[in-house]
Amino acid sequence: MKIFLTKLPDVKIFQPQIFVDHRGFFLETFRDEWFDLKHDWLQDNHSRSNRGVLRGMHFQTIPGQAKLVRCARGKIIDVVVDLRRGSPTYKKSIQVVLDEQNQKMIYVPVGFAHGFVVISKEADVFYRCSSYYDPKTEKGVAYNDPDLNIKWPDIKLIVSERDKTNPFFSEIADEIPFIYG
């Protein structure tokens, strides 16, 4: 397992070793000893989405929810935004391509918003989560917020009604409970 740091503190990309032969491939996608993340992983999720589907930008308030995200089939552009007040990268984002070839995983810590867009015909995305889903703590920020300046690909985006109505960051910034450090 290779580990890559990103320009966002605490966000990491993991690259597993993939064994390929004439039969197909094999890889280990999770081994606790690889991930010094200090979480009890409590919930796994799986989504399947078609080309252009944009899911995001989502986060959970207290206690928060860290995620380990992998695209097992297809190809996505995954986006993470730092929501932690006082962080040197506050409101900054990164993008990483996750797909069935590279099998990379991205670690999204508590205090960050997460989203992705499918750029293949369809994609299966797996999320390992540090807390159970709780609709009372689920929040979102507008995927097209000019203050966050996320550069989505130039394709027809398909966005859920819920995600279309997520507020702009400036409307909820004071309510977001995450502090850097």
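Scroll up for the structure.
In this text, all values refer to a predicted model and were calculated from it rather than measured experimentally.

Q: Pulling in residues and values, what's your account of the pairing of strand β12 (residues 122–129)?
A: Pairing analysis gives eight bridges linking strand β5 (residues 43–50) to β12, with the strands arranged antiparallel. Within the sheet, the bridge partner assigned to Asp 44 lies in β12 and is Arg 128. Inspection of the sheet shows strand β7 (residues 67–73) paired to β12 by six bridges, in the antiparallel sense. Its bridge partner lying in β12, Val 69 is registered against Tyr 127.

Q: Run through the sheet that holds strand β2 (residues 12–15), naming residues and quoting values.
A: The antiparallel open sheet is built from six strands, whose spatial order is β1-β2-β10-β7-β12-β5. The open sheet has two edge strands, β1 (2–5) and β5, and neither has a second partner. The average angle at which neighbouring strand axes cross in this sheet is 25°, direction not considered. Where β1 lies against β2, four bridges are found, and the strand directions are antiparallel. Counted as the bridge partner of Lys 2 is Gln 15 from β2.

Q: Account for the packing of aromatic side chains, naming residues and giving values.
A: Tallying each qualifying case throughout the model produces four aromatic pairs. Aromatic side chains Phe 59 and Phe 178 sit 6.2 Å apart centroid to centroid with 70° between the ring planes, which places their arrangement in the edge-to-face category. Within this pair, whereas Phe 59 is found in strand β6 (residues 53–60), its partner Phe 178 is found in the segment after α2 (169–172), the two being separated by 119 residues in sequence. Comparing Phe 59 with Phe 178 shows no difference in burial state: the two are buried. Ring plane angle 50° and centroid distance 6.4 Å describe the contact between Phe 116 and Tyr 127, whose orientation is recorded as tilted. With Phe 116 in strand β11 (residues 112–118) and Tyr 127 in strand β12, this residue pair connects regions lying 11 residues apart in the sequence. Each member of the pair, Phe 116 together with Tyr 127, is buried. When the ring centre of Phe 30 is taken as reference, the NZ or CZ atom of Arg 128 above it lies at 4.3 Å.

Q: Explain the side chain of Thr 137 to me, and be specific about the residues and the numbers.
A: Inspection of the secondary structure puts Thr 137 in the loop between β12 and β13 (138–140). In this structure, Thr 137 is in contact with Phe 59, Gln 60, Thr 61 and Ile 62, ignoring residues within four places of it in sequence.

Q: Which residues make up the pattern of salt bridges, and what are the values?
A: Scanning the entire structure with this criterion turns up 12 salt bridges. The partner of Asp 10 in a salt bridge is Arg 84, with the nearest N and O atoms 3.1 Å apart. With a gap of 74 residues between them, Asp 10 in the loop between β1 and β2 and Arg 84 in the loop between β8 (75–82) and β9 (93–99) connect regions that are remote in the sequence. Given the relative accessible area of 46%, Asp 10 is considered partly exposed.

Q: Tell me about unusual backbone geometry, residues and numbers included.
A: In this structure, the amide linkage connecting Gly 56 to the following residue, Met 57, adopts the cis form with an omega of 0°. For Met 57, the location among the structural elements is in strand β6. Residue Pro 63 is bonded to the preceding Ile 62 through a cis peptide linkage, with omega at 10°. A positive phi is found at Asp 10, a non-glycine position, where the angle reads about 80°. Of note in the backbone geometry, Asn 149 takes a positive phi value of approximately 55° without being a glycine. Within the secondary structure layout, Asn 149 lies in the loop between β13 and β14 (158–159). On the basis of relative accessible area, Asn 149 is assigned to the partly exposed category, the value being 46%.

Cut-offs used in this document
Note on numbering: residues in each chain are counted from 1, in written sequence order. This being a predicted model, a pLDDT of at least 70 is required before a residue's local features are given, and a value of 80 or more before pairs of side-chain atoms are given or counted; all residues contribute to the totals for chains, interfaces and linings. Water and hydrogen atoms were dropped before computing side-chain values, which therefore reflect all heavy atoms in the structure. Here the rule is simple: two strands pair whenever DSSP picks up at least two bridges between them. The way it works is that DSSP assigns letters per residue, a run of H or I at least four long becomes a helix, a run of E at least two long becomes a strand, and they are numbered from the N terminus. Fitted lines through C-alpha atoms serve as axes, helices being fitted only where they are in contact, and the angles separating the N-to-C directions of these axes extend from 0 to 180 degrees. Pairs were defined over the aromatic rings of Phe, Tyr and Trp, the Trp ring being its six-membered one, requiring ring centres within 6.5 Å. Orientation was assigned from the angle between planes: stacked under 30 degrees, edge-to-face over 60, tilted for the rest. Categorising residues by exposure relies on relative accessible area from a 1.4 Å probe, with only protein chains included: less than 20% of the type maximum marks a residue as buried, more than 50% marks it as exposed, and the intermediate range marks it as partly exposed. Think of it as a cone above the ring: NZ of Lys or CZ of Arg counts as a charge over the ring if it is within 6 Å of the ring centre and within 35 degrees of the ring normal. When checking whether two residues touch, look at their non-hydrogen atoms; a contact exists if any pair is within 4.5 Å. Should a side-chain nitrogen of Lys or Arg be within 4 Å of a carboxyl oxygen of Asp or Glu, the pair is scored as a salt bridge.

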